[in-house]
Structure formats: structure tokens, C-alpha cells
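Observations on the model geometry
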Amino acid sequence: MNSAATLIQQLPELSDDELKQKYLKQKQGMHTLAEILPFVEQETLALRVVKLAIKVNIKLGAKLAGMVKPEFQTATVNLIAQIKTSPLLKIQLLALTCSDTAIPMLLKGLNNKEIAMRRNCIRDLGKIGSQAAVIELARSLHSEDSQVQAWAAWALGEIDSQPAAAALQTALHHEASGVRAWAVWALGKINPTAAVPALLNALQHQDPEVRWRAAVNCGRINIKEAVPWLLNALRDENHIVRARAIAALAKMGDRVAVPHIIELLNDPDSYAVSLRAAEALGKIGTETALAGLLRALNHDDSTVRGSAVSALGEISSEVAVVAVIRSLCDRDIFVRGRAAEALGNINTAGDANLLRMIASGLAIAIDDSESYVRWRVAAAFGQIGTTEAVAG
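The structure contained in this document is the topic of the report that follows. (Residues numbered from 1 in each chain as written. Predicted model: local features only at pLDDT ≥ 70, side-chain atom pairs only at ≥ 80, totals over all residues. Heavy atoms only, no water.)

**Section: the nonpolar core**
Just so we agree on the cut-off: Definition of nonpolar core: a set of buried residues of the types Ala, Val, Leu, Ile, Met, Phe, Trp, Tyr and Cys, connected through side-chain atoms within 4.5 Å. Summary of the burial criterion: residues with accessible area below 20% of their type's maximum are buried, those above 50% are exposed, and those between are partly exposed, where the area comes from a 1.4 Å probe applied to protein chains only. What makes two residues a contact is simply this: any of their non-hydrogen atoms within 4.5 Å.
Membership of the largest hydrophobic core comes to 139 residues, with the highest contact counts inside it found for L64, L199, L230, I261, L343 and L362. Filtering out sequence-adjacent residues up to four positions away, I261 remains in contact with L234, I246, A277, A280, L281 and I284.

Laid out in C-alpha cells, this is it:
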């Protein structure tokens, strides 16, 4: 196998057609060229390769323009800038270079009257992802254009680096709520190691939207260090924050949170919080969670009762099955319907006794006065294997 040095020595000896055929029209050749191009010492040779690549495929040419030695990139990126094409494609090509040389050209587009141009220019800075790009995006957070501000926060989330995380943490204190919201959202896209400190601070932010978005991200990327902060968020004055904190803890499967979540089954300010609490207990599924769900079946709000019933359907135990069967007699039609649905969804894992219990309960409800419930019962029978299951 030829060494990189040997291949580089051979490049000047190839005709344009040979170079195209060997390196620009075959996938393996393209990979080889991408590996050796950063080591080409002659600027004229680097320019020749990029020019030929542009003729074959402009996107390939753009990528190669950013792979030559840094001191050659002013010339190669200018080749891309001189391509006669639409403005939107031009900025896309500049972004493909991943070269700092393209940054000033993209920044010029932020003054364009077309919204699509401004949006793509700022987002393409995120694709370049270098330290220089982070600096310019951080500056754009203070643009006079509010849309550019928000897009800059989004673009920083595309850059997985500590400087990007630091810029986003600063943006959490931006005067514009939209920028703060985008900043905390973007933190959820960055490597957790870099984002954790900023997200933990965001859980205590004065803006409730920042707090609940931070809770969502903590659950989504499974930040175990956030559990104490999320437990504290269960007492937040804002009901959305409480609901999102519950969901995050459930997604993380944190059992320590169960007693605290049970308390929120009777949230005084928002039935949505109670609803999320019931759903969370079903996901966590401990004995303590089961006890909390059983109490929730007596909640005044039918939506909470229905959620508790559905959550019990996630727990494969006789106690849960009996409780769901009792809910087939709930005063609310939709709770009864959800009870039938839950019985059909319970995973019996081959337990014949549990299957008989479910079938027997459904058989009682087959004559419900409401057609909706009867329809749900029939569907549940279909899931467990028809009414023949009753006989065992």
C-alpha cells in the first residue's frame, strides 16, 4: 500500500483526467485524497485539486477547499466564494469548507434583507464549529435582530465544546426571553460533560421557562447529578416546572423521587401536575409507587383517575390488575374505557392466573351501558386472545 508521501509525489504527475478518474469520481479515491490533501505542501497543487473537484462536484470541491493547509485556505475558499450559483447554495458551500476563512463571508449575510439568508448564515456558523465561530455566534446573541439572536443560540447548540456551553450559559441571562429559551434548549444538545453545570444552574433560574426547559433536558440526557435539583423543582411555584421535573425524574427512573411524586398526586394548583405524577409512578413502578397510584384512583378529577389507571396497566401484578378491574365501574365513562385499555395492555408474561383475572374482569364490563366502553373491552379481549381466556 502506497504511503501518503508517495501518493502526494504522484499527484503532480497525473493529468487532469487521471486525477479526476482516480481521486474525484470514486468513493475510495475521494477518501484517500481527503487524507493526503492536508499534507500537500505546494499551494499550486492544492489549488489545482480543488479547482478540478469543483468541476466534478461543487460540494466535494467545497469540502476539499477546507482540507488544505490553513495557509492555503484563503485561496481555496475564495474559489468557492466565486462560484456562480444562488446565494443560499453559496452559503451552504461556504459552510461545507468548515474553514475559519469562510466566517467573514457568512457574517456579511447577516445584513441580507432575506430572512432565509440571515437564518442560514448564522446556522452555518454552527456547522463550522470552530473557536472563531463560537466567538462570532456569541457576539450575534446581542444582534439588533431578535431572530438572529435566537438562531445564534440554536447554532451554538450544534457545537459540542466547552466554549459553546460557556456562551450558552451566559445567554441564559439574556434580556430577551426567546434567547434564554433557545439557549437552555441548545444546552441539551451539547455533550453532557460540558452542559451539566449550566443546566444545573438553569434549574434555579428566575425565568420559569428556563427552569422547565432545563428539567426536560436533564431527563432527556439522563443527568444523575441533577436529581437533588429536580427534587427541589417539585416544590417550584410554577406548575409547568413541577410537571416537567416529575417527567424528568420518571424518565431517569429515580426511585428516591417516588414519595415526593406521590405528594403531587393532589397538587393544589394544577391537575396537569397530578396527571404527570400518576404517569411517572407507573413508569417507575415500585411498591411505593403502586400504593400512590391506588390512592390516586380516588382523586376528584377523572383525568387523574384515568392516568392512574393507565399507569397501573404498566405494572404487571395482581394488586394492579385488581385495582384496574375495579375502575371498570368508575362513574366516568372515559376512566372505564382507559381501565379496559389498560387491562389489554398488561404484560402477563405467560402468567395464566393473571390472564384469567384480566379476562374475568373484562367479561363483567362487556355489558357496560356505554358503547365506547364496550368497544374498549372488545379491543382488550382481542389483545389478550378473545373471551376464550376466561375459561382458561
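**With respect to helix α14 (residues 192-202)**
Structural remark: α-helix, 3.6 residues per turn; residues separated by three or four positions point the same way. Formally: Think of it this way: any DSSP run of H or I at least four residues long counts as a helix, any run of E at least two long counts as a strand, and we number them from the N terminus.
If you check which residues of α14 are buried, you get A194, A195, V196, A198, L199, L200 and A202. Here the buried face of α14 lies against α12 (162-171), α13 (177-187), α15 (208-220) and α16 (227-233).

**Quick word on the packing of aromatic side chains**
Basically, it comes down to this: When the centres of two rings from Phe, Tyr and Trp lie within 6.5 Å, Trp using its six-membered ring, the rings pair. Their planes under 30 degrees apart give stacked, over 60 give edge-to-face, and anything left gives tilted. Counting as a charge over the ring demands two things of the Lys NZ or Arg CZ atom: a distance within 6 Å of the ring centre and an angle within 35 degrees of the ring normal.
Across all of its chains, the model carries three aromatic pairs by this definition. When the ring centre of W154 is taken as origin, the NZ or CZ atom of R123, which lies over that ring, is 4.3 Å away.

**A word on the environment of T32**
With respect to the element layout, T32 can be found in helix α3 (residues 27-36). Overall, the relative accessible area of 18% leaves T32 in the buried class. In this structure T32 touches L7 and Y23, once residues within four positions along its chain are discounted.

**A closer look at the pattern of salt bridges**
The condition that has to hold: Only one rule defines a salt bridge in this text: a Lys or Arg side-chain nitrogen within 4 Å of an Asp or Glu carboxyl oxygen.
Per the counting criterion, the structure on display carries 14 salt bridges. D124 is paired through a salt bridge with K127; the nearest N and O atoms lie 3.4 Å apart. Here D124 and its partner K127 are both found in helix α9 (residues 115-128), three residues apart, which amounts to about one turn of the helix. Since its relative accessible area comes to 5%, D124 is described here as buried. The salt bridge involving D368 is made with R336; its shortest N-O contact spans 2.9 Å. In this pair, D368 is assigned in the loop between α24 (352-365) and α25 (371-384) and R336 in helix α23 (residues 333-345), connecting sequence segments 32 residues apart. Comparing D368 with R336 shows no difference in burial state: the two are buried.

**Concerning the environment of Y23**
With respect to the helices and strands, the residue Y23 is situated in helix α2 (residues 16-24). Classification of Y23 as buried rests on a relative accessible area of 3%. Residues Y23 and A34 lie 11 residues apart in sequence; the distance between their C-alpha atoms is 9.3 Å. Leave out the neighbours within four places in its chain, and Y23 touches L7, L11, L14, G29, M30, T32 and L33.

**As for unusual backbone geometry**
We note that C98 has phi near 55°; this positive angle belongs to a residue other than glycine. On the secondary structure map, C98 appears in the loop between α7 (87-96) and α8 (103-108). For N222, which is not glycine, the phi dihedral falls at a positive 60°. The residue N222 is located in the loop between α15 and α16 in this model.

**Remarks on the packing of helix α4 (residues 43-56) against helix α6 (residues 73-81)**
When two helices pack together, their arrangement is captured by the angle between the axes and the distance separating the axes. Filter applied, for reference: Helix axes are fitted only over the stretch in contact, all axes being lines through C-alpha atoms; the angle between N-to-C directions runs from 0 to 180 degrees. For classification purposes, angles smaller than 35 degrees are called roughly parallel, those larger than 145 roughly antiparallel, those between 65 and 115 roughly perpendicular, and all remaining angles oblique. Two helices crossing with the near one rotated counterclockwise from the far one by less than a right angle form a left-handed crossing, whereas a clockwise rotation gives a right-handed crossing.
It is at 10 Å that the axes of α4 and α6 come closest, and there the two elements cross at 20°. It follows from the interaxial angle that α4 and α6 lie roughly parallel. Relative to α6, the crossing made by α4 is right-handed. Contacts between α4 and α6 involve E43, L47, V50, K51 and I54 from the first element and A75, T76, L79 and I80 from the second.

Nothing here speaks to function; it is geometry throughout.
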